[in-house]
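Given next are the chains, with one letter for each unit.
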Amino acid sequence: MDEKEKIALVAEGIGRSRKLLVALGDESRQHLILEMMKMGNCSGVRVADVADRTNLSRPAVSHHFQIMKDAGLLKARKEGTKIYYYFDPDMGSMQTLIRTLQLAIEITQGLPDRSGQQ
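Here the structure is a predicted model, which means the values were calculated and not measured. (Residues numbered from 1 in each chain as written. Predicted model: local features only at pLDDT ≥ 70, side-chain atom pairs only at ≥ 80, totals over all residues. Heavy atoms only, no water.)

(A) Inspection of the pattern of salt bridges at higher detail. This model, assessed by the stated rule, comprises six salt bridges. Across the pair Glu12 and Arg16 runs a salt bridge, and its minimum N-O distance is 3.4 Å. A residue pair is termed a helical-turn pair when its members lie 3 or 4 positions apart in one helix, as Glu12 and Arg16 do in helix H1 (residues 3-25) at four residues. For Arg16, a relative accessible area of 55% puts it in the exposed group. Residues Glu35 and Lys38 are paired through a salt bridge, measuring 3.5 Å at the closest nitrogen-oxygen approach. (Salt bridge = Lys/Arg side-chain N within 4 Å of Asp/Glu carboxyl O. Helix = DSSP H or I, 4+ residues; strand = E, 2+ residues; numbered from the N terminus. Buried < 20%, exposed > 50% of the residue type's maximum accessible area, 1.4 Å probe, protein only.)

Structure representation (structure tokens):
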């Protein structure tokens, strides 16, 4: 594959990862991701449980969870009136981002040194 094809793949991957990059770029969502990991509940967590562990309101947690769900980071399961959020076990959106970043590293490592240092 030539450089133009690789760069086109990086551009495509960045486009496909845009929602995930937005989701990961927010400090509140970063905090929520870490809190969910600390909770360690594989079956899922409820908005109220996460709100109790953070300084965020239930509507704020719900809003952030929806953004992370739209980005492919979280999934939701409904049991009666309760909704449980959990990390997408497939992590397809994360895998796409990782592959894109790896390809970008490969491309940039092949570029000549322009730092002026020898």
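(B) Broad picture of the environment of Leu9. Topologically, Leu9 is positioned in helix H1. The sequence separation of Leu9 and Leu103 amounts to 94 residues, and the corresponding C-alpha distance is 8.2 Å.

(C) Representation of the packing of helix H2 (residues 27-39) against helix H4 (residues 58-70) within the structure. Where H2 meets H4, the axes come as close as 10 Å, and the angle between the chain directions of the two elements is 90 degrees. With respect to H4, the element H2 is oriented roughly perpendicular. Facing Ser28, Arg29, Leu32, Ile33 and Met36 of H2, the residues of H4 in contact are Val61, His64, Phe65, Ile67 and Met68. Of the residues contributing to the contact of H2 with H4, the split by class is seven nonpolar, two polar and one charged. (Axes fitted to C-alpha atoms, helices over the stretch in contact; angles between N-to-C directions. Parallel < 35°, antiparallel > 145°, perpendicular 65-115°, else oblique. Contact = heavy atoms within 4.5 Å. Nonpolar A, V, L, I, M, F, W, Y, C, P; charged D, E, K, R; others polar.)

(D) Quick look at unusual backbone geometry. Positive phi, close to 55 degrees, is recorded for Met91, a residue that is not glycine. By secondary structure assignment, the location of Met91 is in the loop between strand E2 (82-87) and helix H5 (92-109).

(E) Main features of the pairing of strand E1 (residues 74-79). The sheet contact formed by E1 and E2 spans six bridges and is antiparallel. Pairing of Glu79 across the sheet is with Lys82, part of E2. Count of turn residues in the E1/E2 antiparallel hairpin: two residues, of which Gly80 carries a positive phi of about 65 degrees. (Pairing = 2+ DSSP bridges.)

(F) Looking closely at the packing of H1 against H2. At their nearest, the axes of H1 and H2 sit 5 Å apart, and the two run at 85 degrees to each other. Here H2 runs roughly perpendicular to H1, going by the angle between their axes. Across the interface between the two elements, Val22, Ala23, Leu24 and Gly25 of H1 pack against Glu27, Arg29, Gln30 and Ile33 of H2. For the contact of H1 with H2, the residue count by class is four nonpolar, two polar and two charged.

(G) Fine view of the side chain of Ser17. As for its placement among the helices and strands, Ser17 is situated in helix H1. Here Ser17 is in contact with Thr96 and Leu97, once residues within four sequence places are set aside.

(H) How the structure looks around the environment of Ala48. Note that Ala48 resides in helix H3 (residues 47-53). For Ala48, a relative accessible area of 15% gives the class buried. Between the alpha carbons of Ala48 and Lys69 there is a distance of 17 Å; along the sequence they are 21 residues apart.

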